[in-house]
Amino acid sequence: MKNISVIGSGTMGNGIAQTFALFNFSVTLYDISSESLDKGEKTILRNLQRMVNKDKITQEEANNTVANIKYTTNFDSILNSELIIEAVSENLELKESIFKELDLKCPNNTILASNTSSISITKLAEKTKRKDKVIGMHFMNPVPIMKLVEIINSKYTSKETTDIITNLSKKLEKIPLTVNDFPGFISNRILMPMINEAIESLDQGVANVKNIDGIMKLGMGHPMGPLQLADLIGLDVCKSILEVMLNGLKNPKYKPNKLLVQLVNEGKLGVKSGEGFYDYSNSKKAEFVSKRFS
Ligand SMILES: NC(=O)c1ccc[n+]([C@@H]2O[C@H](COP(=O)([O-])OP(=O)(O)OC[C@H]3O[C@@H](n4cnc5c(N)ncnc54)[C@H](O)[C@@H]3O)[C@@H](O)[C@H]2O)c1
């Protein structure tokens, strides 16, 4: 496998493109928005420079990575890929329409993967005539750093497709772990209730932002507190994942907390919008708690 395309150049898509390109795959990154595409390109260039500065890769490897990525807003230019990874916003109808169109237009042997955090891979597969070649390839954020790829088999995914994607993940020096297709899979089924509970605790005044995050870091050995992690993931993404689990698992414990819903409605989405539980206007690190919580 040599030619890979990624759909969506947001938080996850640009990281996925960078990772494949670093390992010498030829990558086409497609987004419907040229602004998102420009932002994605800038993020990739900045990340690669940082890796060179930290001696993680050489300047030559960074240059090769850059040369391996094409950026496009033309959907047709991604169709001749051996693997297409969809990383658009967490919305079932949007993803279903993309899988339907890809299936109609791509060669029969193209594998279609989704980086969804929670949406049913089985439902996406059912929009295609290649159900055996549809799979979940759930990278973690930030993609270039995090080792895990959660591989999700739908009820139709063939062993051959799982084997190809597992081996491919290893070529990226990632560790693939396979799960079955349930809302939220394993990672978010366990993570999101914790994040939701942290937000509920803040909302009820149990503790402030710094102390909630500090307790989980110092007490549980987490590298990042749940509120900071929610900002990094994107508060809109967290809300969407909780809603998918609420509807899919039919359990009210997954209902997004009202403060989370409020922040999303106000456009406070975390790192990507400049403010969430922390304020990122002066620093991309979670140094300053947002004024409304301080
Ligand atoms: N953010 C995380 O930490 C994280 C982690 C793992 C998985 N995910 C999953 O990855 C996917 C992407 O999440 P994200 O955080 O990168 O979202 P994001 O909001 O940062 O980016 C989404 C991108 O999709 C683009 N897009 C929307 N509609 C499109 C279309 N029709 N065609 C092409 N591009 C389109 C947008 O322009 C945007 O650039 C979601 O399914 C999410 O659940 C997110």
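## Let's talk about the overall build of the protein chain
Turning to step 1, where the next piece is worked out: The helix and strand tally for the protein chain stands at eleven helices and ten strands.
Turning to step 2, where the next piece is worked out: Here the protein chain has a C-alpha radius of gyration of 19 Å; the compact-globule value for 294 residues is 19 Å, and the two agree.
Turning to step 3, where the next piece is worked out: Overall size of the protein chain, expressed as C-alpha extent along the three principal axes, is 55 × 50 × 35 Å.
Turning to step 4, where the next piece is worked out: Relative to its full complement of 294 residues, the protein chain shows a buried share of 45%.

## Some thoughts on the packing of helix H10 (residues 235–249) against helix H11 (residues 258–265)
Turning to step 1, where the next piece is worked out: At a minimum axis distance of 9 Å, the contact between H10 and H11 shows a crossing angle of 130°. On the basis of the axis angle, H10 is oblique to H11. Crossing geometry of H10 relative to H11 is assigned as left-handed. Where H10 abuts H11, its residues Leu235, Asp236, Cys238 and Lys239 lie against Leu260, Val261, Leu263 and Val264.
Turning to step 2, where the next piece is worked out: For the contact of H10 with H11, the class distribution of residues is six nonpolar, no polar and two charged.

## Comments concerning the site of the ligand
Turning to step 1, where the next piece is worked out: In the vicinity of the ligand, 25 residues are found, and the nearest of them are Gly8, Gly10, Ser36, Ser117 and Asn141.
Turning to step 2, where the next piece is worked out: Here the shell around the ligand takes three residues from helix H1 (residues 11–22), the largest share from any one element.
Turning to step 3, where the next piece is worked out: Tallied by class, residues from the shell around the ligand come to eight nonpolar, 14 polar and three charged.
Turning to step 4, where the next piece is worked out: When residues of the shell around the ligand are sorted by domain, at least three fall in each of domain 1 (3–180) and domain 2 (187–293).

## Here's the deal with the domain arrangement of the protein chain
Turning to step 1, where the next piece is worked out: Per the domain assignment, the segments making up the protein chain are domain 1 (3–180) and domain 2 (187–293).
Turning to step 2, where the next piece is worked out: Here the C-alpha centre of domain 2 lies 25 Å away from the C-alpha centre of domain 1.
Turning to step 3, where the next piece is worked out: Taken together, the contacts link eight residues of domain 1 with eleven residues of domain 2.
Turning to step 4, where the next piece is worked out: Tallied by class, residues from the side of domain 1 that touches domain 2 come to one nonpolar, five polar and two charged.

## Focus on the pairing of strand E8 (residues 175–180)
Turning to step 1, where the next piece is worked out: Sheet analysis places strand E7 (residues 148–153) next to E8, joined by six bridges and oriented parallel. Each residue of the ladder has a partner; that of Glu150, found in E8, is Leu177.
Turning to step 2, where the next piece is worked out: Running through helix H6 (residues 159–171), the crossover from E7 to the neighbouring parallel element E8 is right-handed.

## Structural notes on the environment of Gly267
Turning to step 1, where the next piece is worked out: Among the structural elements, Gly267 can be located in the loop between H11 and strand E9 (278–279).
Turning to step 2, where the next piece is worked out: By C-beta crowding, Gly267 is classed as exposed, having 11 other C-beta atoms within 10 Å.
Turning to step 3, where the next piece is worked out: The sequence separation of Gly267 and Ile212 amounts to 55 residues, and the corresponding C-alpha distance is 23 Å.

## A word on helix H9 (residues 226–233)
Turning to step 1, where the next piece is worked out: Among the eight residues in H9, seven count as buried, and that is most of the element.
Turning to step 2, where the next piece is worked out: All of the buried residues along H9 are Pro226, Leu227, Gln228, Leu229, Ala230, Asp231 and Ile233.
Turning to step 3, where the next piece is worked out: Buried residues in H9 make contact with helix H7 (187–203), helix H8 (209–220), H10 and E9.
Turning to step 4, where the next piece is worked out: Gly234, located one to two residues past H9, shows a positive phi value of around 110°.

Cut-offs and rules
Residues numbered from 1 in each chain as written. Predicted model: local features only at pLDDT ≥ 70, side-chain atom pairs only at ≥ 80, totals over all residues. Helix = DSSP H or I, 4+ residues; strand = E, 2+ residues; numbered from the N terminus. Rg over C-alpha atoms; globule rule 2.2 N^0.38 Å. Buried ≥ 20, exposed ≤ 12 C-beta atoms within 10 Å, placed from the backbone. Axes fitted to C-alpha atoms, helices over the stretch in contact; angles between N-to-C directions. Parallel < 35°, antiparallel > 145°, perpendicular 65-115°, else oblique. Left-handed = near helix turned anticlockwise from the far one by under 90°. Contact = placed C-beta atoms within 7 Å. Nonpolar A, V, L, I, M, F, W, Y, C, P; charged D, E, K, R; others polar. Near = placed C-beta within 6 Å. Domains from an automatic or database assignment. Pairing = 2+ DSSP bridges. Right-handed = clockwise from strand over helix to strand, strands pointing away.

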